[in-house]
There are 2 protein chains.
Amino acid sequence: MNRLLKRISNSHLALPRRSAHTIQASELRLKKYGDVETSLELNTYELKLNKLSENQVLVRLVAAPINPADINIIQGKYASLPSELPAVIGNEGLFEVLDVNENNVRGLKRGDWLLPARLGWGAWRTHSIEKCDSFYKIPNTLNKHASVTLMVNPMTAYRMLRDNGELKTHETIIQNGANSGVGQAVIQMARSMNLNVVNIVRRRESAAAQNELVAYLRSLGAEHIYTEEELRKPALTHDLWKQIARPRLAFNCVGGKQTTDMIRLLDNEATLVTYGGMSRLPLTLNTADFIFKNLKCVGFWLTRWKLQNADKVPATIAALCDLIEQGTLRPPKCEEFSIGDYQSAFKRAQAPFVNAKVLLTC
Amino acid sequence: MNRLLKRISNSHLALPRRSAHTIQASELRLKKYGDVETSLELNTYELKLNKLSENQVLVRLVAAPINPADINIIQGKYASLPSELPAVIGNEGLFEVLDVNENNVRGLKRGDWLLPARLGWGAWRTHSIEKCDSFYKIPNTLNKHASVTLMVNPMTAYRMLRDNGELKTHETIIQNGANSGVGQAVIQMARSMNLNVVNIVRRRESAAAQNELVAYLRSLGAEHIYTEEELRKPALTHDLWKQIARPRLAFNCVGGKQTTDMIRLLDNEATLVTYGGMSRLPLTLNTADFIFKNLKCVGFWLTRWKLQNADKVPATIAALCDLIEQGTLRPPKCEEFSIGDYQSAFKRAQAPFVNAKVLLTC
């Protein structure tokens, strides 16, 4: 038994191995654009384990979320698609070091936690041998589910809260899709920044479901939670703007009439940041809002932000890790599915009103 | 005859006077919000001429334009309205010094040209005694019509061209309402900045009218002039983007479908500046444009810009005067009406497809 395999076999991290020189690995490949049910295939293969060079690391999946953008990529409806198919996809994931050359260039050790640095590198895979500098290292003492999910939703929330003008204590932001991954992160981060947040959620089918949702968002620190319908009542908002200032910053992941309604609630000189379009409807905006209220509308796309601000990514990850460590950023509700059972995982991820992040695991 | 009246009577500037101590003055007052025909009244009165203090100046109207915003104010449909009615209105005008104390604080002399500095000070009046520091002085050797009209349309064009990111030589901007006062100023200024401009105009009823419009815009330096309908043809734009870069900056004074169409032509990372809404229709904007093309939508309202940038107004006026002197900024076509014949003037100002600025004069 060579030195590498001896180390693996000594570890609780080791996977069942098929031969002295391979381990069984799986990856979820997109073979064609279309329905989730028919477009993905699980490719299971023997990963050859040769001696790792000083810039190589063998990683194993801890967990990888299924995010809405992944679904859009599968459907071929996304601005950034794989250069060719089939391709391993998955925009986010946490990996651990299964093996690494002792003299590796990054000082990595077994059990270290790594987040993929390369955009477009598919995270829906159980194992891979990659370059050491293809990852960001984060503390492996953090909460697992919070770490698995930090690179997309909390990073989006963090940048949107910091890159749209200075927010002063007790200023107000408003967001729709408040129960989304980004929305939950916004609630928690804004609370730690002493900002007011007006949270808009869709009305649930039952009062019980509605109460459960509200209770959950309250547990994250949300104070002002309303359905779209409630916020259309002038008496409600009249009272609300006595308690807190009108919003100067709005986060939109919905579109359509709901967003037009939200814009009516904004203060002068407000900024609307659109980062999603769940309703698939366009935004309708009044000329007078732009001219007389000085509304500014911008978009946020994390992929572009990372490309244009590569130098700021490590510090952003470090800040998010601090928020997790302090307990400011709590892990989202997660449901884990083995990558082999990906069909169930995607069914769950696409079900309406699911208040949990679906994760693929080894 | 006192010294003041002696000077006036010696001057070609003097108006007929009713008595030794008064001159006949007129002002156009808004008595109630509503139709232009019934909301205005001409108030003619005897202006008493006492000895002017060191901070006083007697001014006489050279000419004052009727701008679209004035019409909106008359209708009560504007974000900034007089604090009480009746009120003398008129957002823009050029005045000349009819008399001033020899020791006045600003060193003004008879015949100097002045632009009102105070927002909301109605310019639709033949005479007034005001504080010397209520005006900006401009060279009285400039073209009259260019000077009369510089404070609204060219200033809007100038600020929009300068305050939306640095424009590099040969970059492209696109604008609708290209024949508007602002549009004509954009054409001329952009040409002097070596920028390409795609100009969108409404289709005229006759080919002759269309040709006349195109010829006029060409005489200002416009190269790319299209109707909304022409710009919907993919073959046309396909060829156009071979000649010039796609637009990174767009100026919108229309709204509705026309603006949605215009946005489709923009490059990534473009900014849409809305400064008017002639169609009275809202803007419809796609979520994907914000997220994936990084479209930014802002408004421009000159009134707000002046309030927030009072320190920059004199330098902006100086720059516009330079452009007029160099011949870069040509006077718009103007039609003059005596303030006493204001009914005819407003009829003309509100007629469709009029390619001239209507001015009120003494």
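Notes on the structure in this doc start here. (Residues numbered from 1 in each chain as written. Chains lettered and ligands numbered in written order. Predicted model: local features only at pLDDT ≥ 70, side-chain atom pairs only at ≥ 80, totals over all residues. Heavy atoms only, no water.)

**Regarding the packing of aromatic side chains**
Stated formally: Note on ring pairs: Phe, Tyr and Trp rings are taken, using the six-membered ring of Trp, and paired if centres are within 6.5 Å. Classes follow the plane angle, with under 30 degrees stacked, over 60 edge-to-face and the rest tilted. Runs of E in the DSSP output that reach at least two residues are strands. Runs of H or I that reach at least four are helices, and both are numbered from the N terminus. Exposure is judged per residue with a 1.4 Å probe applied to protein chains only, and the accessible area is read against the type maximum: over 50% gives exposed, under 20% gives buried, and values in between give partly exposed. Whether a charge sits over a ring depends on NZ of Lys or CZ of Arg being within 6 Å of the ring centre and within 35 degrees of the ring normal.
Using the criterion set out here, one finds 14 aromatic pairs over all chains in the structure. Ring geometry for Y78 of chain B and W301 of chain B: centres 5.9 Å apart, planes at 75°, overall edge-to-face. Taken together, the residues span a long stretch of sequence, with Y78 of chain B in the loop between α3 (68–74) and β4 (87–88) and W301 of chain B in the loop between β15 (296–299) and α12 (302–308) at a distance of 223 residues. Relative accessible area serves as the criterion here: at 16%, Y78 of chain B is assigned to the buried category. A ring pair is formed by F95 of chain B and W121 of chain B, whose centres lie 5.2 Å apart and whose planes are at 65°; its orientation type is edge-to-face. Taken together, the positions of F95 of chain B in strand β5 (residues 94–100) and W121 of chain B in the loop between β6 (113–116) and β7 (127–131) put the pair 26 residues apart, joining distant regions of the chain. On the basis of relative accessible area, W121 of chain B is assigned to the buried category, the value being 8%. Through a chain of ring-to-ring contacts, the aromatic side chains of Y78 and W301 of chain A together with F292 of chain B assemble into a single cluster. In this structure, K333 of chain A is placed above the aromatic ring of Y216 of chain A, and the distance from its NZ or CZ to the ring centre is 4.5 Å.

**Comments concerning the relation of the copies chain B and chain A**
Just so we agree on the cut-off: Our superposition of the copies is a least-squares fit, built on the C-alpha atoms of residues whose pLDDT is at least 70 in both.
Taken as rigid bodies, chain B and chain A are interconverted by a rotation of 180° and an axial shift of 0.0 Å, the fit giving an RMSD of 0.0 Å. This pairing of chains is accounted for by a two-fold axis.

**With respect to the sheet that holds strand β2 (residues 40–48) of chain A**
Backbone hydrogen bonds are what pair the strands of a sheet, in a parallel or an antiparallel way. Residues and elements named next belong to chain A. Selection criterion: DSSP-based pairing: two strands are paired if at least 2 bridges between them are found. For this analysis, residues touch if any pair of their heavy atoms sits within 4.5 Å. Structural elements are reduced to axes, namely lines fitted to C-alpha atoms, with helices fitted over the stretch in contact, and the angle between N-to-C directions of any two is expressed from 0 to 180 degrees.
If you trace the three strands from one edge of the open sheet to the other, you get β2-β1-β4, paired in antiparallel fashion. With partners counted over all chains shown, the strands left at the sheet margins are β2 and β4 (87–88), one partner each. The pairing of strand β1 (residues 22–30) with β2 spans nine bridges and is classified as antiparallel. Looking at the pairing, E27 lines up with N43 of β2. Lying over the sheet, helix α14 (residues 342–350) contacts β1 and β2, oriented at roughly 135° with respect to β2.

**With respect to the sheet that holds strand β2 (residues 40–48) of chain B**
Strands sit in the order β2-β1-β4 (chain B) across an open sheet of three strands; the sheet is antiparallel. Single-partner strands in this sheet number two, and they are β2 and β4 of chain B.

**Points about the packing of helix α5 (residues 153–162) of chain B against helix α6 (residues 181–192) of chain B**
Residues and elements named next belong to chain B. Selection criterion: When describing relative orientation, an angle under 35 degrees is termed roughly parallel and one over 145 degrees roughly antiparallel, while 65 to 115 degrees is termed roughly perpendicular and anything else oblique. In this scheme the handedness of a crossing depends on how the near helix is turned from the far one: anticlockwise by less than a right angle means left-handed, clockwise means right-handed.
Where α5 contacts α6, the axes come no closer than 8 Å and their chain directions differ by 50°. Looking at the two axes, α5 sits oblique to α6. At the point where α5 passes α6, the crossing takes the right-handed sense. The residues of α6 that touch α5, namely those facing N153, P154, T156, A157, Y158, M160 and L161, are G181, V182, A185, V186, M189 and A190.

**Some details on the interface of chain B and chain A**
Put simply, the test is: Buried area is understood as the total, over both parts, of accessible area removed when two parts are fitted together, assessed with a 1.4 Å probe. Salt-bridge detection follows one rule: a side-chain nitrogen of Lys or Arg within 4 Å of a carboxyl oxygen of Asp or Glu. Polar contacts, as counted here, are pairs of nitrogen or oxygen atoms within 3.5 Å of one another; within protein the pair requires one atom able to donate a hydrogen and one able to accept it, and residues that are adjacent in sequence qualify only if both atoms are side-chain atoms. We call Asp, Glu, Lys and Arg charged. Ala, Val, Leu, Ile, Met, Phe, Trp, Tyr, Cys and Pro are nonpolar, and the rest, Gly among them, are polar.
Contact with chain B, which involves 28 residues of that partner, is made by 28 residues of chain A. Together chain B and chain A conceal approximately 2200 Å² of surface at their shared face, both sides included; 62% is due to carbon and sulfur atoms. Remark: the boundary between chain B and chain A carries zero salt bridges. The interface formed by chain B and chain A contains nine residue pairs in polar contact (both at pLDDT 80 or more). Secondary-structure elements contributing two or more residues to the side of chain B that touches chain A are β14 (283–285), α11 (287–291), β15 and α12 of chain B. With four residues, β15 of chain B is the single largest residue contributor to the side of chain B that touches chain A. Residues belonging to the side of chain B that touches chain A are distributed by class as follows: 15 nonpolar, nine polar and four charged.

**Things to note about the pattern of salt bridges**
Between side chains of opposite charge, a pair can form as their charged atoms come close. Residues and elements named next belong to chain A. Throughout the structure, instances matching the rule amount to 22 salt bridges over all chains. Between K144 and E336 there is a salt bridge whose closest N-O contact spans 3.0 Å. Taken together, the positions of K144 in helix α4 (residues 144–148) and E336 in strand β16 (residues 334–338) put the pair 192 residues apart, joining distant regions of the chain. For K144, a relative accessible area of 31% corresponds to the partly exposed category.

**Details of the side chain of H224 of chain B**
Residues and elements named next belong to chain B. With respect to the element layout, H224 can be found in strand β11 (residues 224–227). Using a relative accessible area of 9% as the deciding quantity, one classes H224 as buried. Beyond its immediate chain neighbours, meaning those up to four positions away, H224 contacts V197, V198, N199, L240, Q243 and I244.

**Points about the side chain of D261 of chain B**
Residues and elements named next belong to chain B. Tracing the chain through its elements places D261 in helix α10 (residues 257–264). Here D261 falls in the buried class, since its relative accessible area comes to 12%. A polar contact is formed between the side chain of D261 and the side chain of R264, at a distance of 2.8 Å.

**Brief notes about the pairing of strand β17 (residues 357–361) of chain A**
The two faces of the sheet receive side chains in turn, since in a regular strand these alternate between them. All names here are of chain A. Inclusion rule: Place the viewer so that the strands point away; then a crossover is right-handed whenever the path from the first strand over the helix to the second strand goes clockwise.
Extensive coverage of β17 is indicated by the burial of five of its five residues. Neither face of β17 is left uncovered, since the one carrying K357, L359 and T361 and the one carrying V358 and L360 both have all their residues buried. Sheet topology places strand β3 (residues 56–65) next to β17; two bridges connect them, and they run antiparallel. Bridge pairing in β17 places A64 opposite L360. Bridge count between β16 and β17: five bridges; the pairing is parallel. From the neighbouring strand, E335 faces β17, where its bridge partner is V358. Once you follow β16 into α14 and on to β17, the crossover reads as right-handed.

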